[in-house]
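Spelled out, the chains give:
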Amino acid sequence: SLTTKKALVNMAEKKEQNLQEYFQANVEEKLLKQMPKDVLTQKTPATELLIKKQELTNVEDALVAQKEDFRLRMESLQQRRAELERKEHQLQENLLKFDRFLKENDARRERAVRKAAEENAIADDREREINELKAKLAKLKDRKDRQRRIIGGYQKFEDFLKQTLAKSGEFNEISELMDRHATLVATDQDLRERDKASLNSMDEIKKGVATFREQNKIFMLKCNNKLASLEDEKEKAQTTKLHWENQFSQVQNSASKRTLLLGQIKLATANLYSLVQKRGNAAISNIPPTKQLQKLQNYIQDIQDITEQYDYESRNN
């Protein structure tokens, strides 16, 4: 069963662990006792090979670290580029929002000015109507007093009207004759007042046109000032955009120079590797640059060891 298999596996693992502990406790201790004391301080070819491998590993780690640093810098540059694009897009959106705000503000100001003008015109109309009514009232009072005086002083005219009415066959009563006369007078007065009102209306219209022209001039001046301000902001935004584009171009040029430098390093490594292979009469094989650097390091180390050995033998002889 599965439980039995697990138990057997656990027993096998325990036996293996016991054997390792026994080996470490007995055999390794005996080997260490039999080993010479200076064996750890001696450098054998295998030890030197391990040291060289460790140094090569360190060099490769340094190259990997440089590649990782270059990759992180490129990612940082890409992030900065994306951030610049985002800021440019946000700046354009802010400009559009500001333009809409200006248009809405101008529309609200126009509505307020128009409403104030309408209210002023209504107030002026009401004041004019009040003055006209007061004038009419005063005229009516004067007319009433005048009629009273006339009635008292023109009794003879009533007699004359009666005589005229008796001779005329068109009217039957004096009141009809008076009504006719009053109608004609009222019509004349109404026509005069209409003419006067028309003149007043023309004057108001002229004043309104002059006011509108003045307000239009003021509005155009404000619009021109606002347009100039927006043009300045646009030029500033374009200047900022050109600055960041130049910064991005410099970053791209720096990255291109680094790429060119890396290519030059690879080419120099390949040339040195080819010279070493030709000097050693070995076939030239296509291997990665890191392998080429490793072989070059081994070759240089061998030349250095041979030179040191030669110098040592020369000094002894």
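In case you missed it, the structure is sitting above this.
Because the structure is predicted, anything quoted here is derived from the model rather than measured.

### Some details on helix H4 (residues 174-279)
Now for step 1: Its 106 residues place the ends of H4 152 Å apart at the C-alpha level, agreeing with the 158 Å of an ideal helix rising 1.5 Å per residue.
Now for step 2: Taken as a whole, H4 has its buried residues at Ile174, Phe219, Ala237, Ala255, Thr269, Tyr273, Ser274, Val276 and Gln277.

### Section: the packing of H4 against helix H5 (residues 289-316)
Now for step 1: Here H4 crosses H5 at 50°, and the two axes come no closer than 9 Å. The angle between the axes of H4 and H5 places the two elements in the oblique class. Judged by the sense of rotation from one axis to the other, the crossing of H4 with H5 is left-handed. Contacts from Lys266, Thr269, Ala270, Leu272, Tyr273, Val276 and Arg279 in H4 reach Pro289, Gln292, Leu293, Lys295, Leu296 and Tyr299 in H5.
Now for step 2: Here the residues of the contact of H4 with H5 sort into eight nonpolar, two polar and three charged.

### Some words on the pattern of salt bridges
In a structure, side chains of opposite charge can pair up when their charged atoms sit close to one another.
Now for step 1: A full pass over the atoms with the stated rule returns 10 salt bridges.
Now for step 2: In this structure, the salt-bridge partner of glutamate 75 is arginine 71, at a minimum N-O distance of 2.3 Å. Here the residue glutamate 75 and the residue arginine 71 both occupy positions in helix H2 (residues 45-153), the gap between them amounting to four residues, near one helical turn.
Now for step 3: Glutamate 75 gets classed as partly exposed once you look at its relative accessible area, which sits at 32%.
Now for step 4: Through salt bridges that share partners, Glu68, Arg71 and Glu75 make up one connected network.

Parameters and conventions
- Residues numbered from 1 in each chain as written.
- Predicted model: local features only at pLDDT ≥ 70, side-chain atom pairs only at ≥ 80, totals over all residues.
- Heavy atoms only, no water.
- Helix = DSSP H or I, 4+ residues; strand = E, 2+ residues; numbered from the N terminus.
- Expected span 1.5 Å × (residues − 1).
- Buried < 20%, exposed > 50% of the residue type's maximum accessible area, 1.4 Å probe, protein only.
- Axes fitted to C-alpha atoms, helices over the stretch in contact; angles between N-to-C directions.
- Parallel < 35°, antiparallel > 145°, perpendicular 65-115°, else oblique.
- Left-handed = near helix turned anticlockwise from the far one by under 90°.
- Contact = heavy atoms within 4.5 Å.
- Nonpolar A, V, L, I, M, F, W, Y, C, P; charged D, E, K, R; others polar.
- Salt bridge = Lys/Arg side-chain N within 4 Å of Asp/Glu carboxyl O.

Keep in mind that these numbers describe shape and distance, not what the molecule does.
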